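# Breakdown of the fold
Chain residues, written in single-letter form:
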Amino acid sequence: MRLNGKTAIVTGGGRDIGRACALKLAADGANVAINYHSSGDGAASAVAEITAAGGRAFALQGDMTDPSDVEKLVDKTRTEFGGNIDVLVHVTGGLVARKTFPEMDAAHWNAVMDLNVTSFFYLAKAATPHMSEGSSIVAFASQAGRDGGGPGAVAYATSKGAVMTMTRGMAKEFGPKIRVNAICPGMIDTDFHNIFTKDEVRSKVSSMAPIKREGTPDEVANLAVFLASEQSSFMTGTSVDINGGILFS
């Protein structure tokens, strides 16, 4: 197993891509700390699945835009699993709401930036002092950070572009001790699109992709585990697209 005995934190791990990342990291041998905000049932079931398979995991509720909650997550991870942190997978994020530029106010803009960018800053700030040589950070950007996003997604797309820029800057600052990479998902079958994207738009986008379908959380999680492991040891500062070929960056 690629991550046998390693310690991983997954934020936003209670549903969809985050939950799939937690399960696949554990299947690859990692001890997994799962942060969730409101998806407690999904986080609890992930912990149950991991422990039933002989792995080690716990779930902790917390708001990753609150630095005190971030510190509690890092502290509990070190207490539960001992010593250093080896893998950080930051899935926390979201669109919040679709608002066109005239509809947006500063409160919406700041909420989106805090959720997607500031939370990543807080987590990296708290965790990196305890990350061991050869550790890996996997951030989550988005195809929206490449192409500007769909209607009403300027704030979201801008925040995900910032995540990509942070990834490059952090890779320079933390290397060679810690590698930092990001993932840019396209149309993935998650609650994000269930909530914010019309069915006809999803069908149109899927039909335009060479693979002719949406991606799955498991497929994205496979990429996350690869970037977390030594199999990607010569990769840092990259933002890797996973979108079925709908966009080539």
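Residues numbered from 1 in each chain as written. Predicted model: local features only at pLDDT ≥ 70, side-chain atom pairs only at ≥ 80, totals over all residues. Heavy atoms only, no water.

### Some details on the environment of isoleucine 17
As for its placement among the helices and strands, isoleucine 17 is situated in helix α1 (residues 16–27). Classification of isoleucine 17 as buried rests on a relative accessible area of 11%. The spacing of isoleucine 17 and valine 91 is 74 residues in sequence and 7.5 Å in space, taken between C-alpha atoms. (Helix = DSSP H or I, 4+ residues; strand = E, 2+ residues; numbered from the N terminus. Buried < 20%, exposed > 50% of the residue type's maximum accessible area, 1.4 Å probe, protein only.)

### A few points about the pairing of strand β3 (residues 57–61)
Across five bridges, the pairing between strand β2 (residues 31–36) and β3 is parallel. Among the inter-strand pairings, tyrosine 36 is bridged to a residue of β3, identified as glutamine 61. As for the winding sense of the linkage, the β-α-β connection from β2 through helix α2 (residues 40–52) to β3 is right-handed. (Pairing = 2+ DSSP bridges. Right-handed = clockwise from strand over helix to strand, strands pointing away.)

### A word on α1
Residues three or four positions apart in an α-helix share a direction because the helix packs 3.6 residues into each turn. Here α1 contains 12 residues, and its C-alpha end-to-end distance of 17 Å stays within 8% of the 16 Å for a straight helix at 1.5 Å per residue. With nine of 12 residues buried, α1 lies mostly within the body of the structure. All buried positions along α1 are accounted for by Ile17, Gly18, Arg19, Ala20, Cys21, Ala22, Leu23, Leu25 and Ala26. Buried residues in α1 make contact with β1 (7–11), β2, α2, β4 (85–90), β5 (131–140) and α9 (217–228). (Expected span 1.5 Å × (residues − 1). Contact = heavy atoms within 4.5 Å.)

### Re the environment of phenylalanine 121
Within the secondary structure, phenylalanine 121 is located in helix α4 (residues 106–127). For phenylalanine 121, a relative accessible area of 43% puts it in the partly exposed group. Once the C-alpha coordinates of phenylalanine 121 and valine 89 are considered, the two residues, 32 residues apart in sequence, prove to be 13 Å apart.

### Focus on the pattern of salt bridges
On inspection of all chains with the given rule, the structure shows seven salt bridges. Linking arginine 2 and aspartate 28 is a salt bridge whose minimum nitrogen-to-oxygen distance equals 2.7 Å. Here aspartate 28 lies in the loop between α1 and β2 and arginine 2 lies in the segment before β1, a separation of 26 residues in the sequence. Given the relative accessible area of 36%, arginine 2 is considered partly exposed. Residue class for aspartate 28 comes out buried when judged on its relative accessible area of 12%. By sharing partners, the salt bridges in this structure join Asp189, Arg202 and Glu214 into a single network. (Salt bridge = Lys/Arg side-chain N within 4 Å of Asp/Glu carboxyl O.)

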